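Read off the chains here:
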Amino acid sequence: MPATTGPSLPRLLVVAALAAAVLALLPMGIGLYQTELLIYGLTFAIAALGFNLLLGYTGLLSFGHSAYFGMGAYTVAFIMRDLHIYSMELCILGGLVASFLLSALFGYVCVRHTRIFFSILALALSQVLWSLAFKFFWVTGGTDGIRVPRNQLTLLAGFLDFKGAGAYQKFVYTYYYYVLVLFLIAVAVMWVIVHSPFGKALQAIRDNETRAGFIGVPVRRYRWMAFVISGMFTGLAGILWAPLNGLTTPDILYWPFSGEIVFMTVLGGFRTFTGPIVGAIAFNYLKVYAVASSQYWQLVLGLVLVVMVMVLPTGIVGTIAHLLGKLRRR
Amino acid sequence: MAILQTIDLKRYFGETRAVDNVNLSIEQGEFVSLVGPNGAGKTSLINVISALLPAESGRIIFRGEDITRTSTTERVRAGIARSFQLVNVFDNLTTFDNVALAIFSRQGKTANLGSLAHLDEDVNREADGILDQFGLGAKRDGNARDLAQGERKLLDVALAYALKPKLLFLDEPTSGVSTRDKGQIMDTIASVVRGEGITAVIVEHDMDVVFTYSDRIVVMAQGAILAQGTPDEIRRNEQVAMVLLGSSGPDAFTRKD
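Since the model is a prediction, treat every value here as computed from it, not as a measurement.

1. Some words on the overall build of chain B
If you tally the helices and strands in chain B, you get nine helices and 10 strands. Computed over the C-alpha atoms, the radius of gyration of chain B is 19 Å, within 12% of the 18 Å expected from 2.2 N^0.38 for a compact globule of 257 residues. Its C-alpha atoms give chain B principal-axis dimensions of about 60 × 40 × 35 Å. By the burial criterion, 56% of the 257 residues in chain B qualify as buried.

Here you go:
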């Protein structure tokens, strides 16, 4: 019997274990600031991974994913400020429920449309949320946002806290491993989803929705399910980002942030599984150093995007995979 | 016993009567060809029956149930499958994954997001079997977009066949392929369909193919059924020869002018 069409699991596990080991060892050699940047990169990678379930696997381009990221982050802020609950695990639970409810509602509206209509509807709905956060300042703090106090945060059901001397350093290094574990779980879960029968059905919908319907795939329901999963991944990213940033503001609900998630995914390559991960980490460094080096940092990012789309349309990972393929054939 | 009946089925496009009061009956296990000049309403009729287009009025009875208002997915689950005039496959999936997905769908497993598709041994075995039946086994790991036109046509049919339908519509399965490939494609389709006892309705322009493979032929013109009968009856029908060929006579279908 011929081999099945699918990735080689043992090889994949070895590569994944090596990547995880490198990520686990990195903080020992790169210092506090770089570790902090890497945490940002990993949280954005979770968001891009979720976003790409819609773009790369279902063929739906959302310009409104800031809504789910923001919902996750604001839920953490509300839980801490209003309920005085500082357990990160409870914040994650609350944030995921909130992201689920929001993406289920917005997704129900959006998946009735495709192409540009879907994209604009997703954008419009996210802007509704942004305007609520912006205007209802007595609830959201308006442009001042809501502080997320790191020094009161507890991890692993209260086992770890960050009070006293050296708290910030302890927070960064501990939180790095906390985010890394959740990142690895998110990657594993998403990998199983896209290689499951459901993931294949999404790819069929992306390729040819009419035919997908004619083999019995309930197209609209599966698009909605993909939307909800995508929203929850992006929500998780927002949840993890909030304590790291220490503050949530309406900026993360505004449309340019949705554009950044699109940028990360395109930068890494939306036709590959690992592309959005690489793209998110690379984008984070690119933005940080562009902001630090020039007041025209938006121009730098814009130029990079133009060059990427024109010269490397398959993104960083897509291009590397293409070059490796060429080398192997020689 | 009729597996499918249409009763006064209508579908108009503005002034054009694409399907005009069609009363069609298909018997269980038949291999029926639907023929007619361009614009006769053949594809529109199967589009309405398969729910690609809604019916304007009339009823569709499938295995005793009125399915006129049901969705595409519901008709697929009831046992109606189809292939398309223009190849309709999943270009960026492998040939194997195309067929495997249809099997997952038939088994109600596509909502499963917690297991790896390629580790389902039963589906793997069945998909490989179907690919071999359609002569696509050697192309299983390549993307569907890289197949030749004839192979893509076969994959289109294989996708419908993998659903194990009770009634299979094939819309011009040999269009756009070479004369040599035509016979091969039709032999493959006929052996698979007859081997499984599937009722098949084929839309076809090539009358040699129609006369060779059909149990019964239904001739359509201007959205309505003009005539129907066995291949011999249709061959002798002068009205049909006039409509299809523009000439009549005892040897109209065999004459090489």
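2. Some details on the sheet that holds strand β8 (residues 199–203) of chain B
What holds strands together in a sheet is hydrogen bonding between their backbones, with the strands either parallel or antiparallel. All names here are of chain B. Strand order in the open sheet made by the six strands is β6-β7-β8-β3-β9-β10, with mixed pairing throughout. A single partner strand is all that each edge strand has here, and the edge strands are β6 (80–82) and β10 (224–229). Going from strand to strand, the sheet's axes swing by 20° on average, the running direction of each strand aside. Of the strand pairs in this sheet, β6 and strand β7 (residues 167–171) are connected by three bridges, and their pairing is parallel. When the bridges of β7 are listed, Ala81 appears paired with Leu168. Contacts from helix α9 (residues 238–245) reach β3 (31–35), β9 (216–221) and β10 within the one sheet, and its direction differs from that of β10 by about 125°.

3. Here we look at the interface of chain B and chain A
The interface is formed by 44 residues belonging to chain B together with 34 residues belonging to chain A. Contact between chain B and chain A buries roughly 3200 Å² in total, counting both sides, with carbon and sulfur atoms accounting for 64%. Counting the surface chain B buries against chain A, the share from its top three residues, Phe90, Leu113 and His118 of chain B, is 20%. Counting across the interface, chain B meets chain A through two salt bridges. A salt bridge links Lys200 of chain A to Asp97 of chain B; the nearest nitrogen and oxygen atoms lie 3.0 Å apart. Put simply, chain B and chain A have 15 residue pairs in polar contact (both at pLDDT 80 or more) between them. Broken down by element, the residue count for the side of chain B that touches chain A peaks at six residues, all from helix α3 (residues 95–106) of chain B.

4. Considering the sheet that holds strand β2 (residues 16–27) of chain B
Residue and element names in this part refer to chain B. One open sheet accounts for four strands, arranged β2-β1-β4-β5; its pairing is antiparallel. One side of each edge strand has no neighbouring strand; the edge strands of this open sheet are β2 and β5 (65–66). Judged from the eight bridges that link them, strand β1 (residues 2–13) and β2 form a sheet pairing that is antiparallel. Its bridge partner lying in β2, Arg11 is registered against Val19. Where helix α1 (residues 42–49) meets the sheet, it contacts β1, β2 and β4 (57–62), and its direction lies at approximately 115° from that of β1.

5. Some remarks on the pattern of salt bridges
A side chain with one charge can pair with a side chain of the opposite charge if their charged atoms come near. Residues and elements named next belong to chain B. Counted by the stated rule, this structure contains 21 salt bridges over all chains. With its nearest N and O atoms 2.8 Å apart, the salt bridge here joins Asp128 to Arg140. Of this pair, Asp128 sits in helix α4 (residues 121–133) while Arg140 is found in the loop between α4 and α5 (149–161), placing the two residues 12 residues apart along the sequence. Accessibility assignment for this pair places Asp128 and Arg140 in one class, buried. When salt bridges that share partners are traced, they join Arg106, Glu126 and Lys164 into one network.

6. Digging into the environment of Phe31 of chain B
By secondary structure assignment, the location of Phe31 of chain B is in strand β3. Between the C-alpha atoms of Phe31 of chain B and Val201 of chain B, which are 170 residues apart in sequence, the distance is 6.0 Å.

7. Let's talk about the confidence of the model for chain A
On average, residues of chain A carry a pLDDT of 91, and 98% of them reach 70 or more. For chain A, strand β3 (residues 160–161) of chain A is the element with the lowest average pLDDT, namely 84, and helix α9 (residues 219–245) of chain A is the one with the highest, namely 96.

8. Overview of the pairing of β10 of chain B
Regular strands place side chains that alternate from one sheet face to the opposite one. All names here are of chain B. Looking at chain direction, β9 and β10 are connected through five bridges and run antiparallel. Bridge pairing in β10 links Ile217 to Gly229. Between the antiparallel neighbours β9 and β10 lie two residues, among them Gln222 with a positive phi of about 50°.

9. Focus on the packing of helix α1 (residues 9–58) of chain A against helix α6 (residues 167–195) of chain A
All names here are of chain A. Put simply, α1 and α6 touch, their axes get as near as 7 Å, and they point 25° apart. Here α1 is positioned roughly parallel relative to α6, judged by the angle of their axes. Crossing of α1 against α6: the hand is left-handed. The residue inventory of the contact of α1 with α6, partitioned by class, reads 33 nonpolar, five polar and one charged.

10. Quick look at the packing of aromatic side chains
Residues and elements named next belong to chain A. For the coordinates displayed, the defined rule picks out 23 aromatic pairs over all chains. Ring centres 5.3 Å apart and planes at 20° place the aromatic pair Phe136 and Trp138 in the stacked group. Phe136 gets classed as partly exposed once you look at its relative accessible area, which sits at 39%. On the accessibility criterion, Trp138 (61% relative accessible area) is exposed.

11. Thoughts on the nonpolar core
Counting residues in hydrophobic clusters, the biggest one holds 144 residues, and the most contacted among them are Leu53, Met88, Tyr175, Phe183 and Leu240 of chain A together with Val99 and Phe134 of chain B. Residues contacting Tyr175 of chain A, with those up to four places away along its chain left out, are Ile39, Met88, Leu153, Leu155, Lys170, Ile239, Leu240, Pro243 and Leu244 of chain A. Core analysis: the second largest hydrophobic core is formed by 26 residues, Ile3, Val32, Ile67 and Val201 of chain B among them.

What counts, and where the lines are drawn
Residues numbered from 1 in each chain as written. Chains lettered and ligands numbered in written order. Predicted model: local features only at pLDDT ≥ 70, side-chain atom pairs only at ≥ 80, totals over all residues. Heavy atoms only, no water. Helix = DSSP H or I, 4+ residues; strand = E, 2+ residues; numbered from the N terminus. Rg over C-alpha atoms; globule rule 2.2 N^0.38 Å. Buried < 20%, exposed > 50% of the residue type's maximum accessible area, 1.4 Å probe, protein only. Pairing = 2+ DSSP bridges. Axes fitted to C-alpha atoms, helices over the stretch in contact; angles between N-to-C directions. Contact = heavy atoms within 4.5 Å. Buried area = accessible area lost by both parts, 1.4 Å probe. Salt bridge = Lys/Arg side-chain N within 4 Å of Asp/Glu carboxyl O. Polar contact = N/O pair within 3.5 Å; in protein donor to acceptor, adjacent residues only side chain to side chain. pLDDT = per-residue confidence, 0-100. Parallel < 35°, antiparallel > 145°, perpendicular 65-115°, else oblique. Left-handed = near helix turned anticlockwise from the far one by under 90°. Nonpolar A, V, L, I, M, F, W, Y, C, P; charged D, E, K, R; others polar. Phe/Tyr/Trp six-rings, centres within 6.5 Å; stacked < 30°, edge-to-face > 60°. Core = buried A, V, L, I, M, F, W, Y, C linked by side-chain atoms within 4.5 Å.

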